[in-house]
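# Analysis of the macromolecular model
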Amino acid sequence: MPELPEVETIRAGLEPHLIDRTFERVEIVDPRLTRPHDPREVAAELEGETVVAVERRGKYLVLRFETGRVLLIHLRMTGSFRLLRVADDDDPYRRAVVRLDNGSDVVYRDVRRFGTWLLLEPDELDPYLATRLGEEPLGRALTARSLADRLARRRAPLKAVVLDQRVFAGVGNIYADEALWWARLHPLRPACELTPEELQNLVRGIRRSLRLGIARQGATLRDYSNADGAAGGMQAEFRVYGRDGEPCFRCGHAIEKTRAGGRGTWYCPGCQN
DNA sequence: CTTTTTCCCTGGACGC
DNA sequence: TGCGTCCAGGGAAAAA
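Right, let's walk through the structure included here. (Residues numbered from 1 in each chain as written. Chains lettered and ligands numbered in written order. Predicted model: local features only at pLDDT ≥ 70, side-chain atom pairs only at ≥ 80, totals over all residues. Heavy atoms only, no water.)

### Focus: the protein's contact with DNA strand C
The test is simple: Near, as used in this document, describes a residue that has one of its heavy atoms within 4 Å of the molecule or strand being considered. Whenever two N or O atoms come within 3.5 Å, that pair is a polar contact, provided that in protein one can donate a hydrogen and the other can accept it, and provided that, for residues adjacent in sequence, both atoms are side-chain atoms. Segments assigned H or I by DSSP are reported as helices when at least four residues long, segments assigned E as strands when at least two residues long, and all are numbered from the N terminus. Polarity classes work like this: nonpolar for Ala, Val, Leu, Ile, Met, Phe, Trp, Tyr, Cys and Pro, charged for Asp, Glu, Lys and Arg, and polar for all others, with Gly in that last group.
Around DNA strand C, the structure places 16 residues, and the nearest of them are His74, Arg112, Tyr241, Lys257 and Arg263. Close to the protein, within 4 Å, the atoms of DNA strand C belong to sugar or phosphate groups at a rate of 58%. Between a phosphate oxygen of DNA strand C and a side-chain N or O atom of His74, the distance comes to 2.6 Å. Within the side chain of Arg76, one N or O atom sits 3.5 Å away from a sugar or linking oxygen of DNA strand C. Mapped onto the surface near DNA strand C, the elements with two or more residues apiece are β9 (256–260) and β10 (263–267). Its residues assigned to classes, the surface near DNA strand C shows five nonpolar, four polar and seven charged.

This is how it looks when you write it as structure tokens:
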């Protein structure tokens, strides 16, 4: 499930192959991908566009074109890219194929078909993201102080708030659990009750887990791999995610699983308070 | 305003 | 082996 570190790894892998390349031919195989827009129209609009930047915002991939238009891609659960000399027509999970002007194919795959491609005009990107995303957790704008204001009225479990993209853009279920372990914070604590010191720990924990994820090129559980097909290594670094019953690396207490924010949540009852 | 619930999808795990 | 059931989860939308 691509979260910020996985999307960043994919972005970095795609960038050198896409910069200055023109979309020569675009085929949208799965009409769900561009919903509610007509896939044929989107494909036609994309043909002839030249990529000038490959960026990431939260869990979104942002392909910027010379015309100022933007292709905003969200991989959701199982979306992935594969750079191939020639696309494999037999691949049942192939949802879109872009033929570049150098003859190579960029294949978009997605088992569960939750991913989305949205073509936006130059002035549409900022308003679209503004209502959905908060600060980049690895950016300078996110501080314990700014968090205090944002969380003041949030009585929901801390885990649910950490998953809120308007608070921490790009943090998903894996890195939320890992961040709370690093921060020694219990996932069911009401978010508004954190002390300034705990907020500082939360910011540090989130940054630590995300940076570790990027350094390990993301976590590969089942579907995820980067654009070259390589798996990530973050799964070997998990402190709590998926480890129920196993001992905490910090205090030895058995890791427990619960539910928070509608998501499976792993934590250590011994040292997360 | 915040919070919760439902839905979208598929494949893998598990019980019988 | 072959069913049926549950689970995984990001985010949109509706409901509370």
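### Thoughts on the sheet that holds strand β6 (residues 94–100)
Put simply, the rule reads: Criterion used throughout: strands pair if DSSP finds at least two bridges between them. For helices, the fitted axis covers only the stretch in contact; all axes are lines through C-alpha atoms, and the angles between them, taken along N-to-C directions, range from 0 to 180 degrees.
Here four strands make up an open sheet; going across it, the order is β1-β6-β7-β5 and the pairing antiparallel. Pairing within the sheet leaves two strands with one partner each, and these edge strands are β1 (23–28) and β5 (79–84). The sheet shows a mean angle of 15° between the axes of neighbouring strands, direction not considered. Bridge count between β6 and strand β7 (residues 105–110): five bridges; the pairing is antiparallel. When the sheet's bridge partners are listed, Arg94 is paired in β7 with Arg109.

### Regarding the pairing of strand β3 (residues 60–65)
Threshold: The classification of residues rests on relative accessible area computed with a 1.4 Å probe and restricted to protein chains. Under 20% of the type maximum is buried, over 50% is exposed, and intermediate values are partly exposed.
In terms of residue burial, β3 counts as a mostly covered element, since five of its six residues are buried. Taken together, the six bridges between strand β2 (residues 51–57) and β3 define a ladder with antiparallel strand orientation. When the bridges of β3 are listed, Val51 appears paired with Phe65. Between β2 and β3, which pair antiparallel in sequence order, lie two residues; one of them, Gly58, sits at a positive phi of approximately 60°. One ladder, built from five bridges, connects β3 with strand β4 (residues 70–74); its direction is antiparallel. Following the sheet pairing, Arg64 is matched in β4 by Val70. In sequence, β3 turns back onto β4 through a hairpin of four residues, with Gly68 there showing a positive phi of about 95°.

### Remarks on the environment of Glu41
As for its position among the elements, Glu41 is in helix α2 (residues 39–46). A C-alpha to C-alpha distance of 19 Å links Glu41 and Glu66, two positions 25 residues apart in sequence.

### A look at the protein's contact with DNA strand B
Taken together, the residues surrounding DNA strand B are Arg32, Tyr93, Val111, Arg112, Arg113, Phe114, Arg153, Arg154, Arg155 and Ala156. Of all DNA strand B atoms lying within 4 Å of any protein atom, the proportion belonging to sugar or phosphate reaches 74%. Here a base oxygen of DNA strand B and a side-chain polar atom of Arg112 are 3.4 Å apart. Between DNA strand B and Arg155 there is a distance of 2.5 Å, counted from a phosphate oxygen to a backbone nitrogen or oxygen. For the surface near DNA strand B, the class distribution of residues is four nonpolar, no polar and six charged.

### Some remarks on the nonpolar core
The test is simple: By nonpolar core is meant a set of buried Ala, Val, Leu, Ile, Met, Phe, Trp, Tyr and Cys residues that side-chain atoms within 4.5 Å join together. Here a residue-residue contact requires only that any non-hydrogen atoms of the pair lie within 4.5 Å.
With 39 residues, the main nonpolar core has Leu147, Leu158, Val162, Phe168, Leu202 and Ile206 as its most contacted residues. Contributing elements (two or more residues each) for this core: α4 (144–151), α5 (158–162), α6 (173–182) and α7 (196–215). Broken down by element, the residue count for this core peaks at seven residues, all from α6. Excluding its chain neighbours within four sequence positions, the residues that come into contact with Leu158 are Leu180, Leu185, His186, Pro187, Leu188, Arg189, Ala191, Leu194 and Leu202. Core analysis: the second largest hydrophobic core is formed by 29 residues, Leu46, Val51, Leu75 and Leu119 among them.

### Digging into the pattern of salt bridges
Inclusion rule: Each reported salt bridge corresponds to a side-chain nitrogen of Lys or Arg within 4 Å of a carboxyl oxygen of Asp or Glu.
Across all of its chains, the model carries 23 salt bridges by this definition. Put simply, Asp101 and Arg21 hold a salt bridge, and the shortest N to O gap is 2.6 Å. Of the two residues, Asp101 is situated in the loop between β6 and β7 and Arg21 in the loop between α1 (4–18) and β1; the sequence distance between them amounts to 80 residues. We note a salt bridge from Asp105 to Arg99, for which the minimum N-O separation is 2.5 Å. Judged by relative accessible area, which is 2%, Asp105 ranks as buried. Each of Glu8, Arg11, Glu15, Arg56, Arg57 and Glu136 takes part in one network of salt bridges that share partners.

Note that all results are geometric; they support no functional claim without further evidence.
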